[in-house]
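Structure assessment
One letter stands for each residue in the lines below.
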Amino acid sequence: MDELKRTPLYDLHLSLGAKMVPFAGYEMPVQYKLGVMKEHLHTRSRAGLFDVSHMGQVILRGDGAALALESLVPVSVAGLAEGRQRYGLFTNEDGGIEDDLMIANRGDHLFLVVNAACKEADVARLRKALEPQGITVAYIEDRALLALQGPEAEAALAALNPAVSEMRFMDVATVELCGAEAWVLRSGYTGEDGFEISIPESAAVDLAEALLAQDAVEPIGLGARDSLRLEAGLCLYGHDIDSTTTPAAAGLLWAIQKVRRADGDRAGGFPGAEKILPEIATGAATARVGLKPEGRAPMREGVPLFEVEEGGEPLGHITSGGFGPSVGGPVAMGYVPAQGAMPGTRYYGEVRGKRLPVEVVPLPFVKQTYKR
Amino acid sequence: MKFTEQHEWLEIEDDLVVVGITTHAAEQLGDVVFVELPEPGTTVSKDDEVVVIESVKAASDILAPLDGEIVEVNEAIVEDPGKVNEDPEGEAWFFKMKIEDISAMDELMDDAAYKAFIG
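Reading the values: the criteria
Residues numbered from 1 in each chain as written. Chains lettered and ligands numbered in written order. Predicted model: local features only at pLDDT ≥ 70, side-chain atom pairs only at ≥ 80, totals over all residues. Heavy atoms only, no water. Domains from an automatic or database assignment. Contact = heavy atoms within 4.5 Å. Buried area = accessible area lost by both parts, 1.4 Å probe. Salt bridge = Lys/Arg side-chain N within 4 Å of Asp/Glu carboxyl O. pLDDT = per-residue confidence, 0-100. Helix = DSSP H or I, 4+ residues; strand = E, 2+ residues; numbered from the N terminus. Polar contact = N/O pair within 3.5 Å; in protein donor to acceptor, adjacent residues only side chain to side chain. Nonpolar A, V, L, I, M, F, W, Y, C, P; charged D, E, K, R; others polar. Buried < 20%, exposed > 50% of the residue type's maximum accessible area, 1.4 Å probe, protein only. Pairing = 2+ DSSP bridges.

**Points about the domain arrangement of chain A**
All names here are of chain A.
- According to the domain assignment, chain A contains domain 1 (9-52 + 142-232) and domain 2 (285-371).
- Listed by partner, the interface residues are 18 residues for domain 1 and 19 residues for domain 2.
- Here domain 1 packs against domain 2, burying approximately 1600 Å² in sum over the two surfaces, 58% of which is carbon and sulfur.
- When the area that domain 1 buries against domain 2 is broken down by residue, the three leading residues are F169, L230 and E231, summing to 40%.
- Viewed at the interface, domain 2 and domain 1 are joined by one salt bridge.

**Focus on the confidence of the model for chain B**
Residue and element names in this part refer to chain B.
- Summary statistics for chain B give a mean pLDDT of 94 and a share of 100% for residues scoring 70 or more.
- Within chain B, strand β7 (residues 59-63) has the poorest average pLDDT of any element, 91, and strand β8 (residues 68-73) the best, 97.
- Here the complex is predicted with pTM 0.94, and the ipTM for its interfaces comes to 0.84.

**A look at the interface of chain B and chain A**
- Contact with chain B, which involves 15 residues of that partner, is made by 14 residues of chain A.
- Around 1300 Å² of area is buried between chain B and chain A when both sides are counted, 49% of it from carbon and sulfur atoms.
- Our count for the contact surface shared by chain B and chain A stands at four salt bridges.
- Between E54 of chain B and R352 of chain A there is a salt bridge; the shortest N-O distance is 3.0 Å.
- The tally of links between chain B and chain A comes to nine residue pairs in polar contact (both at pLDDT 80 or more).
- Each residue belonging to the side of chain B that touches chain A can be placed in one class, and the counts come to eight nonpolar, two polar and five charged.

**Brief notes about the pairing of strand β9 (residues 95-99) of chain B**
Residues and elements named next belong to chain B.
- Among the five residues that make up β9, four are buried, leaving the element largely enclosed by the rest of the structure.
- Pairing of strand β3 (residues 16-21) with β9 involves three bridges; the strand directions are antiparallel. Bridging across to β9, V19 finds its partner in F95.
- One ladder, built from five bridges, connects β8 with β9; its direction is antiparallel. For I70, the partnering residue across the bridge sits in β9 and is M97.

In C-alpha cells:
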C-alpha cells in the first residue's frame, strides 16, 4: 500500500486532538475533541475550520483557456466573469460524471478545485485535452486549502483582513492573510455562508491558528463535513454522482448554462453532449431525491428502496445517508424512478432485513445561508 | 462489574444480569443517534447479535455476552440515544437478562483485566 500523504496542517491536527483516518490517500482528521455531532452544530451556529488541502488545485493559463476547458465541461466557462467562480462537471462520452469541480476566473488564469480521489485523473484529462491547444496545466503542490464555514465565518476572516466582507457568494479575490497571498473563494460545501482559502503551505498553520484563536471558530473534521453537505443536499462524488449518473438524473442541470444547451451559442462540444442535452428535454429515467426516513433508524448508502412493504424488486437505492444533527433525525439522498420522485412519495428502505418507510422530500434539508 | 472483549459491561442485580457498553466503547463509537433493542422475552445465545447501535457515522452490533433470556430493556436510551455517551456505565444500560449459568460470569474480565485489555 502506498504511504499516506499528510497536509501541511498534520501536526496541528494532532495537537488539536484529532482522530486521523486514511482518506483519498491522505491522513485526515475525521473528528476532533468535540465529536461529529457538536462539530456539525457548531458550524451551523458559529464557524468551523476544515482542512481540505487534500483536494486538488489546478491552474490553467493561456489564450482561450476558458473556451478550451469548455471542451471538457458542460459549463459556461467563457461566460464566467473575472473574480467569479462556478460549479462544474467533467463528463464522459456516455454522459456520466467523471468528477465535479469549482472553476474560478482569476483574470489571467483559471483556478480549479477538484476532488482528492479524482485529482490525478482530472489533471491527466486536462493535460491531454488542453495542452495540444497551447494551454498550460499546472498542478499546485505548494498551497494548502482551508474552508471556513458558518454564520460567523465572515466576521472571523474579516478580523484578519476586512476586505473579505466585500465578497459575495461565488466571488473570488486575492487577499493578504497572515502576510501571505491568499486566494479567497466565497463558497463551500456545507450549505453555510463561508470561504475556501488557498494559501501557501508556509502560511497555512499561521492562518489556521489565527482563525482558531477566535472564540467563534472550532476545528471540524471530515465526519461533520459529510453530514453538513448531506443536509445541504450537495452531491458527494463517488456516492451521489459517478461515471454512470448523468447531470439530468443527478438533478444538476442548473450547472449547465443556457449557452451550452441545445440552441445555445456554444451548445454542446463537451463529452457526452449527445446524451446529456437530449435528456434536458426528455428527462432521465431516474432522479436524485432527498429522502426522510420516518423512524429514527438511519438509512445509509446502499440501502435498497422498494415500492411495497413486502416482496417486489428494489426500485432505487440510497447513495448517502446518516443522521442529520441539525435536522435531529435521519436524512438521506438516493435515486428513484423519475415518475416516483415527487415529494411525499413513499418508499420502503430495507435495513437489516426490515423494510422501513421513507418519504421523498425537497432538498436541501437545511436552508442555505449564502450571502448573495 | 465484569467486562467482555466486545466492550460490554455486566453487573449482577438481584437474580438478573444488567448489560451495557463501556465508557471506552462509547468514546470509540462517538455520538450515538439510534439504538434498537431486542424484545423482552427473547432467548439468546452467546454472541447472537441482540442490539443495533448507530453513531453519526456507522452502525455496530452488540452481541449477547452469555446464554440466557432478555427480560427487560432500557427504553430510555431508545428515546434519547445520547444517554449512551453521557452515562454508558450507569443510566444507559441496554438490557437485563436472566442467565442460565451464573458461573459463566467468572470467565469474564474484571476491571483490572479490562483496563489492560484496552491498553
